[in-house]
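Results of the structural survey
So you can see what is in the structure, the chains are spelled out below.
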Amino acid sequence: MVKNKTILVVITLLLGMALTAAAENYPYRSDVLWVTVPNHADWLYRTGEKATVEVQFYKYGIPQDGVTVNYELGNDMMPSDTKGSVILKNGKAVVTIGTMKQPGFRDCRLQATIGGKTYKHHVKVGFSPEKLQPYTKTPADFDEFWDKNKSEAAAFPLAYTKERVEKYSTDEIDCYLVKLRLNGRGQSIYGYLTCPKNMRKGACPVVLCPPGAGIKTIKAPLRHKYYAEQGCIRFEIEIHGLNPEMPEAEFKEISNAFNGRENGYLSNGLDNKDNYYMKRVYLACVRSIDFLTSLPEWDGRNVIVQGGSQGGALALITAGLDTRVTACVANHPALSDMAGYKAGRAGGYPHFFRVAGMDTADKLNTMAYYDVVNFARRIKIPTYMTWGYNDDTCPPTTSYIIYNVLDCPKEALITPVNEHWTSEDTEYGHLVWIKKHLKQ
């Protein structure tokens with residue numbers, strides 16, 4: 001089942017979404033406002049159908065007249081193939097986007113200059129995206145590879161430390177900083193465990209929340225405190241073995257040193273599937289399930305994974321790797337059909353094929369063992385996905401591909417206007433969905 005939030009979306013944004021100006025179509029406290037209205041209310045078309053979009057541009061809430069808007073059209077994440085311009089009349093004009101012969105998305109990229117300052121905007125519309133299929137194939141020994149690695153990881157005894165964190169504990173919840181050992185080489189991950197206060201033995205579902213991409217602290221651990229307030233044990237983790245209590249400046253220094261475009265962790269060891277950095281990360285998620293299901297307060301029935309972007313990818317991957325998982329929630333997952341660029345269309349974050357030297361046989365081979373596509377094919381539990389169309393980090397092409405390959409009870413909340421973000425209401429809706437799918 002697919003839901004669609006398009007009605008009154010512009011009104012909602014105007015009434016109070018405080019978004020980061022550098023990253024969003026609708027920056028907070030901006031003097032200008034773009035409004036783009038495709039001629040299909042759900043922003044979707046069949047292949048062969050022609051799409052148009054009405055462009056509106058306001059400054060101080062006043063429609064701008066006589067302003068030239070330049071536009072470029074191109075397929076999702078692809079170079080532009082068409083350029084043109086329109087002149088606004090009473091703040092409005094219509095741009096013809098055209099059509100697509102194959103399933104996918106078209107991106108209309110807009111630009112206007114007023115008073116010497118240039119303002120940009122974009123909008124994507126889809127053409128039969130429910131028919132998108134992955135480029136990525138499943139290696140013949142995929143299951144054997146992961147079964148072997150899981151068995152080796154499981155041979156290391158469960159070991160962790162757990163320390164109460166007063167600043168993140170409240171009258172209703174307790175928060176602990178957990179350091180979870182992964183193997184005999186001393187590698188670990190950290191996470192904040194938030195629990196209902198005075199929880200009873202065998203009473204609580206457990207929720208694993210992997211992080212978005214980057215080398216960074218775990219920000220705002222109390223942002224999702226409502227999980228613990230409503231009876232769940234939630235484990236929000238980092239993946240690099242770095243204590244989240246370190247100062248922000250130290251994280252930035254480490255990231256600058258070891259996570260550049262040419263030496264980032266997501267490409268570390270990509271030439272060899274056995275040595276790839278993310279192998280330890282995927283197994284760390286399984287070890288996190290070991291930890292959560294060892295807690296005496298776990299209800300013995302419900303194991304949920306939930307995350308966004310890289311965290312959405314890791315949620316789906318863990319659901320495909322570990323049969324103990326009973327439900328999965330993923331926003332705009334990264335690492336999805338990463339080799340899709342080989343098919344002449346958008347591939348998934350981190351967009352390896354935009355970096356010189358990444359398109360090699362060895363790297364392509366490794367990608368297939370770590371691509372969300374091949375884990376999603378193995379998921380049989382209820383799964384809930386959310387994504388937007390204007391996302392240039394984890395493009396809608398790849399989110400649709402993952403959703404299309406899922407062969408399980410599944411639901412999607414599609415929020416077309418979203419770029420790479422989710423609202424607080426959508427985030428809270430994940431818990432609502434989880435509670436509806438708890439095993440009793």
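For the structure itself, look to the data block above.
In this report, we go over the structure that sits alongside the text. (Residues numbered from 1 in each chain as written. Predicted model: local features only at pLDDT ≥ 70, side-chain atom pairs only at ≥ 80, totals over all residues. Heavy atoms only, no water.)

**Observations concerning the overall build of the chain**
Note the threshold: Here a strand is any run of E in DSSP of at least two residues, a helix any run of H or I of at least four, and the numbering for each starts at the N terminus. With C-alpha atoms as the basis for the radius of gyration, the globule rule is written as 2.2 Å multiplied by the number of residues raised to the power 0.38. A 1.4 Å probe rolled over the protein chains alone gives each residue an accessible area, and that area as a share of the maximum for its type sets the label: buried under 20%, exposed over 50%, partly exposed in between. Throughout, a residue-residue contact means that at least one pair of heavy atoms, one from each residue, lies within 4.5 Å. Values of accessible area rely on a 1.4 Å probe in the Shrake-Rupley scheme; residue burial ignores everything except the protein chains shown.
Along the backbone of the chain there are 10 helices and 19 strands. Relative to the globule expectation of 22 Å for 440 residues, the C-alpha radius of gyration of the chain, 23 Å, shows essentially globular dimensions. Taken over the C-alpha atoms alone, the chain extends approximately 70 × 55 × 45 Å along its principal axes. In the chain, which comprises 440 residues, the proportion classed as buried is 56%. Taking the intrachain contacts of the chain between residues at least 6 apart in sequence as the baseline, contacts between residues at least 24 apart amount to 72%. Of the accessible surface of the chain, which amounts to about 19100 Å², a share of 50% is contributed by carbon and sulfur atoms.

**Quick word on helix 5 (residues 277-294)**
Side chains that are three or four residues apart share a direction in an α-helix, a result of its 3.6 residues per turn. Heads up, the condition is: Helix span, as expected, comes to 1.5 Å for every residue beyond the first.
Over its 18 residues, helix 5 extends 27 Å from the first C-alpha to the last, a length consistent with the 26 Å expected when each residue adds 1.5 Å. Burial analysis of helix 5 places 17 of its 18 residues in the buried class, which makes it a mostly covered element.

**Digging into unusual backbone geometry**
Look at the link from Tyr349 to Pro350: it is a cis peptide, with omega at 15°. Inspection of the secondary structure assignment puts Pro350 in the loop between strand 17 (327-331) and helix 7 (361-370). Although it is not a glycine, Trp43 adopts a positive phi angle of roughly 65°. Notably, Ala220 is not glycine yet its phi reads approximately 50°, a positive angle. Relative to the helices and strands, Ala220 resides in the loop between strand 14 (204-209) and helix 3 (226-229). A relative accessible area of 49% means that Ala220 is categorised as partly exposed.

**Let's talk about the packing of aromatic side chains**
Note the cut-off: Only the six-membered ring of Trp is used, alongside the rings of Phe and Tyr, when aromatic pairs are assigned; centres must lie within 6.5 Å, and planes under 30 degrees apart are stacked while those over 60 apart are edge-to-face, with the rest tilted.
Considering all chains together, one arrives at 27 aromatic pairs under this definition. For the ring pair Phe57 and Tyr119, a centre distance of 6.0 Å and an interplane angle of 55° mean the geometry is tilted. With a gap of 62 residues between them, Phe57 in strand 4 (residues 51-59) and Tyr119 in strand 10 (residues 117-127) connect regions that are remote in the sequence. In this structure Phe57 comes out as buried when scored by relative accessible area, which is 0%. Taking 5.5 Å as the distance between ring centres and 25° as the angle between the ring planes, the aromatic pair formed by Tyr226 and Tyr227 counts as stacked. Across this residue pair, the class does not change: Tyr226 and Tyr227 are buried.

**Looking at the environment of Asn374**
The condition is simple: Here a polar contact means two N or O atoms within 3.5 Å. Within protein one must be a hydrogen donor candidate and the other an acceptor candidate, and residues neighboring in sequence count only if both atoms are side-chain atoms.
Structurally, Asn374 can be placed in helix 8 (residues 372-376). According to the relative accessible area criterion, Asn374 is buried, its value standing at 0%. In this structure, the C-alpha to C-alpha distance between Asn374 and Asp337, residues 37 residues apart in sequence, is 9.0 Å. Setting aside residues up to four positions removed in sequence, Asn374 forms contacts with Thr136, Lys137, Thr138, Pro139, Phe142 and Ala368. Polar contacts involving the side chain of Asn374 include one to the side chain of Arg377, which spans 2.5 Å.

**Examining the pattern of salt bridges**
Going by this rule: Salt bridge, as applied in this entry: a Lys or Arg side-chain nitrogen positioned within 4 Å of an Asp or Glu carboxyl oxygen.
Enumeration over the complete set of coordinates arrives at 24 salt bridges. Among the salt bridges present, the one from Lys167 reaches Glu245, with a minimum N-O distance of 3.0 Å. In this pair, Lys167 sits in the loop between strand 11 (160-164) and strand 12 (173-181) while Glu245 sits in the loop between strand 15 (233-237) and helix 4 (248-258), placing the two residues 78 residues apart along the sequence. Since its relative accessible area comes to 52%, Lys167 is described here as exposed. On the accessibility criterion, Glu245 (34% relative accessible area) is partly exposed. Between Lys342 and Asp359 there is a salt bridge, and its shortest N-O distance comes to 3.2 Å. On the criterion of sequence distance, the pair formed by Lys342 in the loop between strand 17 and helix 7 and Asp359 in the loop between strand 17 and helix 7 is long-range, its members being 17 residues apart. Relative accessible area serves as the criterion here: at 38%, Lys342 is assigned to the partly exposed category. Classification of Asp359 by relative accessible area gives partly exposed; the value is 42%.

**With respect to the sheet that holds strand 3 (residues 44-45)**
Just so we agree on the cut-off: Here a strand pair is declared whenever DSSP counts at least two bridges between the two strands.
If you walk across this open sheet you meet the 5 strands as 3-10-9-6-7, and the pairing is mixed. Only two strands of the sheet have a single partner each, and these edge strands are strand 3 and strand 7 (82-87). In terms of strand pairing, strand 6 (residues 68-75) meets strand 9 (residues 104-114) through 7 bridges, oriented antiparallel. Note on strand 9: the bridge partner recorded for Tyr71 is Leu110.

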